[in-house]
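Fold and geometry: a report
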Amino acid sequence: MTSVVTELAVPRRRSNRKLRRRWLVWAGVIFAMIVLCLPGLWVVLTAFRPNVEVLARPTIWLPQNPTLENFLKIFGLLPQVQEGLPVGQYFLNSLVISVTSTVVAVLIGMAGGYAFARFRFPGKSTLFIAFMLSRSVPGVALSLPLFILWSRVGLIDTPLGLIIVYLAINIPFTIWLTDGFFRQIPVELSEAAMIDGCSRWQAFWRVEFPLAKSGLASAAIFAFLTSWNEYALASQLTRTTASKTMPVGLMDFTAQFTVDWTGMSAMAVLIIIPALILTFIVQKHLIAGLTFGGVKG
Amino acid sequence: MNFLRSPRAIPYLLLLPAILVILAVILLPLLVSLWSSLTPYVLTRPASLYQFVGFRNYERLWGNSDFWWAFLRTLVFVTVALNLEMVLGLGLAMLVNQITWGQRTIRTIMMFPMMFSPILVGFLFKYLLNDSIGFVNNALYSLGLITDPVPWLVDGTLANLSIIAAEVWMSTSVFAILLLAGLMAIPAEPLEAARVDGCNAWQVFRHVTLPFLMPFIYIAMTIRSLDVARAYDMIRIMTNGGPAGRTEMLWTLIARVGYQNSQMGSANAMGYVSILLSIIFTFYFYRKLASARAFMGGAQ
C-alpha cells in the first residue's frame, strides 16, 4: 500500500516543481523585458507630453494631455517660437550621408567578401585580420588626425567628408558579413553555371548574387545603422547645418545648465524610428549572419 | 602587367577598392596621428606640426596623473562592463531558451536596446537618472524608498556606476542574442547523454553547454571589442567626464585635450595609447575566436 502512495506522490511533486520552475522562468523573462523596454518607452511618452507634465510634482506617469507640439517645435513649425532648430536639415543630412555611404560600402565590401569566400591567395588571413583591426580604432582617436587632414583638403563640414569616413568604418564589417553569406552558397552552383557557358562575372550576378541577396540586404542595413547612429567622428568633422547629422544635432538641446527634455525626446524618437523599422526587417538575417558567418570558418 | 591579367590577380583586384579606402581613411590618419604625437602641435599654431620633439608627449603622459586615472578607469570600466554583460547575457539567453511559447517575440523585444545609438542611450539614462525630474528618483520617491533625491550623475561613485549600468543595458542584448543562437544550435544528443550518465544540471552546463558556447562567446566578445569605444558617445552626453573629472575615460580626455585645449600633439599621443589598447584587445579575442572555430571545425 505504502509503495503505491509514494509512486503516485513522486510524479506529482515533480510536476509541481516543474510548474513552479516554469513560473520562475517566465517571471525572470518578463522582468528582463521590462528593464529592456521601459527606458525607451518613457522617452517616447515624454516626446508626446507638454513640458509642464515633465516638471510636474507629484509625477504624472501617463501623459494626461498628449500633444504633438514637441515635434512641431523642433521643426520650427510652432508660430510662437521664432527660431526652430534646423532638425529638418539634420534629418536630410543624416539620410543622404547614411544612404550614400551604405550603397558604396556594400558594393566595395561585397567584392571583398567574395574574394575572401571564393579565392585562396597569399596574405589572405593577414589581410582579413587587418580589416577587422582597422574597425577597432576608437572613433575619437581617429577623429584627431582626420580633423587635421580633412581641414587641409577642405572636407571638414561637408557631407562628402563624412561619407568617405563612414565608408571606411562600414567596409570591414560588410566584408565579414558577406564573406559568411557567400561561404554558405555551394561553389558547385556557380561552377555548374560556368560549365553551361557563363563567365565568372555572369555566374556571380545570375547565381550567387540572387542567393546572397537577403544577406547583402542585412549587411546594408547594418552599415546604414552604423552611419545613422555615429556620433564621435561626426561631432568633430561637422560644424554647421551644411553637414551636421541627427546624433550631433541632439546635443543642440543641451545648454550649460538647462536641458530641453521634451525637445530631445522628440528628436530621439525621430532618430529611433528608422532604426526600429530596419532592425525588425533584418533581425533574422542579422543573427544568422553574425553567428554563422563567424562560427563556420 | 602580366600579373594583373592573370587569374591570380582577381582576388587582389576585388579587394583593391576596400584596401584603398582603408589606406586613405584609417592608415594614413594613423600615420598622421603618429607623426603629430611626436610634435608639440597646437591647433592655433599650424607651424608647430613640423617641429619634431621625439617622445616628449609620451614622456609627459608617463607623469600625467589625469591620464593614468583615465587609463585605469577605462580598463576597469571595460572589464567590469564586458564581464557583467557576458554573465547577464548568458543568464538571459538561458532563461529565454527555456520557454517554448512566444520565444520569437521575446527575442525581438530583446533587440530593442540594440537599436539605440550610444548617444541616445546616454540621453536616455541622463534623463531617467536626473535628480529632480528623472524616472528613477520619482519612482523610488513614490514607493517611499527615498525622501531626498539621489544624485545619480552628480556624485562621483554613483556616476561611474550609472555609466556602467547604461553600458550594460545597451550591450547585454548583443551577448544574449548571440548566445541564444548558440544554445539553440547545440545538438540534443550530448546533453541527453550527459544526463543519462548522471550529470547534474551544473555539470551539464559546465562540461557540455559551455564548451559548445565558447565560439559564440568569443564572437560576441570580438564584436563588442570592435566598438567598445562607442561608450564615448554615451559618457559624453551623460557626464562628459564630470563631476570634477571623476568619470573621465581615455576617450573623453582625448577629446578634451585635443579639441577644447587644442593640444593636438599631446591628444594624439593619448589617442595612440587608446588605439593600441583597442587593437590588442580585439586581436586577442579574434585569435581566441579563430582557435575556437578551428576546434569546432575539427569536431564536426
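Residues numbered from 1 in each chain as written. Chains lettered and ligands numbered in written order. Predicted model: local features only at pLDDT ≥ 70, side-chain atom pairs only at ≥ 80, totals over all residues. Heavy atoms only, no water.

A few words now on the overall build of chain B. When its secondary structure is counted, chain B shows 13 helices and zero strands. The order of α-helices and β-strands along chain B, N terminus first, is α-α-α-α-α-α-α-α-α-α-α-α-α. C-alpha extents for chain B along the principal axes are approximately 80 × 75 × 30 Å. The 300 residues of chain B split such that 55% are buried. Nonlocal contacts in chain B, meaning residues at least 24 apart in sequence, comprise 65% of its contacts between residues at least 6 apart. Accessible surface, chain B as shown: approximately 13,700 Å² in total, 66% of it carbon and sulfur. (Helix = DSSP H or I, 4+ residues; strand = E, 2+ residues; numbered from the N terminus. Buried < 20%, exposed > 50% of the residue type's maximum accessible area, 1.4 Å probe, protein only. Contact = heavy atoms within 4.5 Å. Areas by Shrake-Rupley, 256 points an atom, 1.4 Å probe, with all protein chains shown as cover.)

Val165, Trp176, Leu237 and Met267 of chain A together with Met110, Phe123 and Trp251 of chain B are the most contacted members of the largest nonpolar core, which has 186 residues in total. A domain split of this core shows at least three residues from each of domain 1 (2–74) and domain 2 (87–292) of chain A. (Core = buried A, V, L, I, M, F, W, Y, C linked by side-chain atoms within 4.5 Å. Domains from an automatic or database assignment.)

For any two helices packed against each other, the geometry is given by the interaxial angle and the distance between the axes. Residues and elements named next belong to chain B. The N-to-C vectors of helix H8 (residues 156–185) and helix H10 (residues 201–226) enclose an angle of 140 degrees; their axes lie 9 Å apart at closest approach. Classified by the interaxial angle, the pair formed by H8 and H10 is oblique. Handedness of the H8/H10 crossing: right-handed. Judged by residue contacts, Glu167, Ser171, Val174, Phe175, Leu178, Leu179, Ala181, Gly182 and Leu183 of H8 engage Thr209, Leu213, Phe216, Ile217, Ile219, Ala220, Met221, Ile223 and Arg224 from H10. Grouping the amino acids of the contact of H8 with H10 by side-chain chemistry returns 13 nonpolar, three polar and two charged. (Axes fitted to C-alpha atoms, helices over the stretch in contact; angles between N-to-C directions. Parallel < 35°, antiparallel > 145°, perpendicular 65-115°, else oblique. Left-handed = near helix turned anticlockwise from the far one by under 90°. Nonpolar A, V, L, I, M, F, W, Y, C, P; charged D, E, K, R; others polar.)

Here the focus is the packing of aromatic side chains. Residue and element names in this part refer to chain A. Overall, the coordinates contain 39 aromatic pairs over all chains when judged by the stated rule. Their ring planes at 70 degrees and their centres at 6.3 Å tell us that Tyr114 and Phe119 sit as a pair that is edge-to-face. Relative accessible area serves as the criterion here: at 6%, Tyr114 is assigned to the buried category. Look at Phe119 and you get buried, because its relative accessible area is 11%. In this structure an aromatic cluster arises from ring pairing among Tyr114, Phe119, Phe182, Trp201, Phe204, Trp205 and Phe209. It is Arg49 that lies over the ring of Trp42; its NZ or CZ is 4.9 Å from the centre. (Phe/Tyr/Trp six-rings, centres within 6.5 Å; stacked < 30°, edge-to-face > 60°. Lys NZ or Arg CZ within 6 Å of the ring centre and 35° of its normal.)

Moving on, we get to the interface of chain B and chain A. How big an interface is tends to be reported as the loss of accessible area on association of its parts. Counting residues at the interface gives 91 residues for chain B, matched by 89 residues for chain A. Summed over both sides, the interface between chain B and chain A buries roughly 8,600 Å², with carbon and sulfur atoms accounting for 80% of that surface. The three residues of chain B that bury the most area against chain A are Met115, Tyr127 and Tyr259 of chain B, which together make up 9% of that side's buried surface. Counting across the chain B and chain A interface gives seven residue pairs in polar contact (both at pLDDT 80 or more). For the side of chain B that touches chain A, the element with the most residues is helix H2 (residues 10–36) of chain B, which contributes 18 residues. Per-class residue counts for the side of chain B that touches chain A are 66 nonpolar, 17 polar and eight charged. (Buried area = accessible area lost by both parts, 1.4 Å probe. Polar contact = N/O pair within 3.5 Å; in protein donor to acceptor, adjacent residues only side chain to side chain.)

Moving on, we get to the side chain of Glu167 of chain B. The residue Glu167 of chain B is located in helix H8 in this model. Apart from residues no more than four positions distant in its own chain, Glu167 of chain B is found in contact with Phe77, Ala81, Glu85, Arg224, Ala231 and Met234 of chain B.

Next up on the list: the packing of helix H4 (residues 87–118) of chain A against H2 of chain B. At a minimum axis separation of 8 Å, H4 of chain A and H2 of chain B run at an interaxial angle of 135 degrees. Relative to H2 of chain B, H4 of chain A is oriented oblique. Pair H4 of chain A / H2 of chain B crosses with left-handed handedness. Packed against H4 of chain A, whose contacting residues are Ile108, Ala111, Gly112, Tyr114, Ala115 and Phe116 of chain A, the element H2 of chain B presents Pro11, Leu14, Leu15, Pro17, Ala18 and Val21 of chain B at the interface. Here the contact of H4 of chain A with H2 of chain B is built from residues that sort into 11 nonpolar, one polar and no charged.

Right, let's get into the confidence of the model for chain B. All names here are of chain B. Here chain B averages 87 in pLDDT, and 97% of its residues register 70 or above. By mean pLDDT, helix H1 (residues 2–5) is the weakest element of chain B at 74, and H2 is the strongest at 93. Here the predicted complex carries an ipTM of 0.86, next to a pTM of 0.87. (pLDDT = per-residue confidence, 0-100.)

Bringing unusual backbone geometry into the picture now. Most peptide bonds take the trans configuration, and most residues that are not glycine carry a negative phi. The backbone of Asp157 of chain A sits at a positive phi, close to 60 degrees, despite the residue not being glycine. Despite not being glycine, Ala244 of chain B shows a phi value in the positive range, around 50 degrees. Assignment of secondary structure puts Ala244 of chain B in the loop between helix H11 (231–238) and helix H12 (250–260).

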